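Structure at a glance
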Amino acid sequence: MPLINRDFERPFSDSVYQDRLARAQQQMDEEGLDALLLSEPTNQQYLSGYESQSWFTFQMLLVLRDEPQPVFTARNMEERAAEITTWMDNEYVRCYSDDYAPNSLYHPTQWVVELLEEYGYADGRVGIEEESNYLSMGAYDRLKRNLPEASLENASGVVNWLYFKKSEEELEYMREAARITDAAMETTEEVLSAGVRECDAAAAIMQTLMHGTEEYGGDMPKRAPEFGPFHFEFSTRELQDGDVFGVEFAGCRRSYSSPLCRTVHVGEPSSKRYALWEELDEDLQLVLDTVEPGKTCEEVEQTYRENANHPKASRSGYATGLGLTGWGEGTASFTEGDETVLEPGMTFHSNPSIDTLNRSGGVGPERLRMLHSETYVVTEDGCEVFGNYPRKLIVV
């Protein structure tokens, strides 16, 4: 049977990727780097357009000082996906054979070294994302040993900060993602009730997140819905009357996510729990009212911490939006010591909470977990919340 030549429309024009590459190379010049080795899948996608769930094996994007296009390398079975999804000419897709698959004799980093030698950068200043979850200690050690003439420099965050401030095209994808998130939260309200298994509710929510809307579909969600402690996977447990918990997930559109948290109460809550939720809503509004251009992230956090009803120990917000394996961007946070100055176009997820089951949560009179959040963009005079789902305690 013939191979299927799948049609694929990249989310941005070639000129957008060319501009991104130019800005990355300018940043490299300011950092004194001749080459930049990107192991973070999100950063690879941002500069190349590459889309595939292949990050479980070694892959890397090489950004070279004088090359007009980046060089993408991955296992050779990913070559077709790279040719379809990236904006580069096929000569810049340089995948390695299984001879380089990690084993006792070879390693794909040796292929990266050969590419650097071929392009003439094996003796230059080479930036590496040392903080990446997708660069093992073994891979870093092999690069260091096999590039004896190069100076390896930590370049973590060099690309992340390039997409911290969004273009209007990117913001529109986040607005579309928020429409999907809203629909999934409506599904949450419909399917949750006493006696329903967490896994069955999660399946219905995931279906909505991937289906999207009638106008556009959703991407694969970056995390499954949660019904327990932070980042805790759903189970076969049946919901019980009196359960109170936070749910968190994000609709995703062309790799841009708009996360949202709400609190669910199974059965009619007491007046005390209603009052707690109202106080939590006040804490969220406090953050939204504080955000404006010119303030620093630290100043937003300080206002929240000094005035919130239930200040939590962890940050009250963080940069969000683009992500292949999550929705945090790894740049600015509303936390003490972060002097990042807010500007229009920056996007955040703020998530006050009452979580007496976890030391990072706020204080409360009983053991429970309540979440509340919004995703938004900083505007000229404050912020624009992307979603339209009501700010309410969900009672099922």
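Residues numbered from 1 in each chain as written. Predicted model: local features only at pLDDT ≥ 70, side-chain atom pairs only at ≥ 80, totals over all residues. Heavy atoms only, no water.

1. Here's the deal with the pattern of salt bridges
- Applying the stated criterion across every chain, the model contains 26 salt bridges.
- Between Glu176 and Arg253 there is a salt bridge, and its shortest N-O distance comes to 2.7 Å. Within this pair, whereas Glu176 is found in helix α6 (residues 168–191), its partner Arg253 is found in strand β6 (residues 244–253), the two being separated by 77 residues in sequence. Comparing Glu176 with Arg253 shows no difference in burial state: the two are buried.
- Among the ionic pairs, Asp243 bridges to Arg237, the shortest N-O distance being 2.9 Å.
- Judged by its relative accessible area of 34%, Arg237 is partly exposed.
- When salt bridges that share partners are traced, they join Glu168, Glu172, Arg175 and Glu384 into one network. (Salt bridge = Lys/Arg side-chain N within 4 Å of Asp/Glu carboxyl O. Helix = DSSP H or I, 4+ residues; strand = E, 2+ residues; numbered from the N terminus. Buried < 20%, exposed > 50% of the residue type's maximum accessible area, 1.4 Å probe, protein only.)

2. Examining the side chain of Ser258
- If you trace the backbone, Ser258 turns up in strand β7 (residues 256–265).
- Engagement of the side chain of Ser258 in a polar contact is seen with the backbone oxygen of Met174, the distance being 2.6 Å.
- Excluding residues that lie within four positions of it along the chain, Ser258 makes contacts with Met174, Ala177, Ala178, Thr181, Phe249, Ala250, Gly251, Thr375 and Phe386. (Polar contact = N/O pair within 3.5 Å; in protein donor to acceptor, adjacent residues only side chain to side chain. Contact = heavy atoms within 4.5 Å.)

3. With respect to the packing of aromatic side chains
- Applying the stated criterion across every chain yields a total of ten aromatic pairs.
- Look at Trp161 and Phe164: their rings are 5.4 Å apart centre to centre, the planes differ by 85°, and that puts the pair in the edge-to-face class.
- Take Trp161: its relative accessible area is 41%, and that puts it in the partly exposed class.
- Assessed through its relative accessible area of 3%, Phe164 is described here as buried.
- A centroid spacing of 5.7 Å and a plane angle of 85° characterise the contact between Phe164 and Phe348, whose relative ring orientation is edge-to-face. Of the two residues, Phe164 sits in the loop between β5 (151–154) and α6 while Phe348 sits in strand β10 (residues 347–350), which places them 184 residues apart along the sequence. (Phe/Tyr/Trp six-rings, centres within 6.5 Å; stacked < 30°, edge-to-face > 60°.)

4. Describing the nonpolar core
- Core analysis: the biggest nonpolar cluster contains 60 residues, and Leu36, Leu37, Leu62 and Leu116 have the highest contact counts within it.
- By residue number, the principal contributor to this core is helix α4 (residues 108–119), which donates six residues.
- Among all residues touching Leu37, those that are not within four sequence positions of it are Met60, Leu61, Leu62, Val112, Leu116, Val126, Gly127, Ile128, Glu129 and Leu143.
- Ranked by size, the runner-up nonpolar core spans 21 residues in total, among them Val196, Leu239, Leu260 and Val264. (Core = buried A, V, L, I, M, F, W, Y, C linked by side-chain atoms within 4.5 Å.)

5. Regarding the sheet that holds strand β13 (residues 374–378)
- Spatially, five strands are ordered β9-β8-β10-β13-β14 in an open sheet, and the strand pairing comes out antiparallel. Lying at the two open borders of the sheet, with one neighbouring strand each, are β9 (328–333) and β14 (383–385). The sheet shows a mean angle of 40° between the axes of neighbouring strands, direction not considered.
- Relative to β9, strand β8 (residues 318–320) runs antiparallel, the two being bridged by two bridges. Looking at β9, one finds that Tyr318 is bridged to Ser333.
- Across the sheet, helix α8 (residues 271–290) touches β10, β13 and β14, and the angle it forms with β13 is around 10°. (Pairing = 2+ DSSP bridges. Axes fitted to C-alpha atoms, helices over the stretch in contact; angles between N-to-C directions.)

6. As for the sheet that holds β6
- Across the sheet, three strands lie side by side as β6-β7-β15; this open sheet has mixed pairing. The outermost strands of the open sheet, each flanked by one partner alone, are β6 and β15 (394–395).
- Pairing between β7 and β15: two bridges, direction parallel. Residue His265 lies in a different strand from β15, and its bridge partner there is Val395.

7. Things to note about the environment of Thr263
- Looking at the element boundaries, Thr263 is found in strand β7.
- Each C-alpha atom of the pair Thr263 and Val244 lies 7.1 Å from the other, and the pair is 19 residues apart in sequence.
- Those residues within four positions of Thr263 in sequence are excluded, and the remaining contacts are Val244, Phe245, Gly246, Trp277, Arg369, Met370, Leu371, Leu393 and Ile394.
- Within the local environment of Thr263, its side chain forms a polar contact with the backbone oxygen of Leu371, the two atoms lying 2.7 Å apart.

Don't take any of this as a statement about function, it's just geometry.
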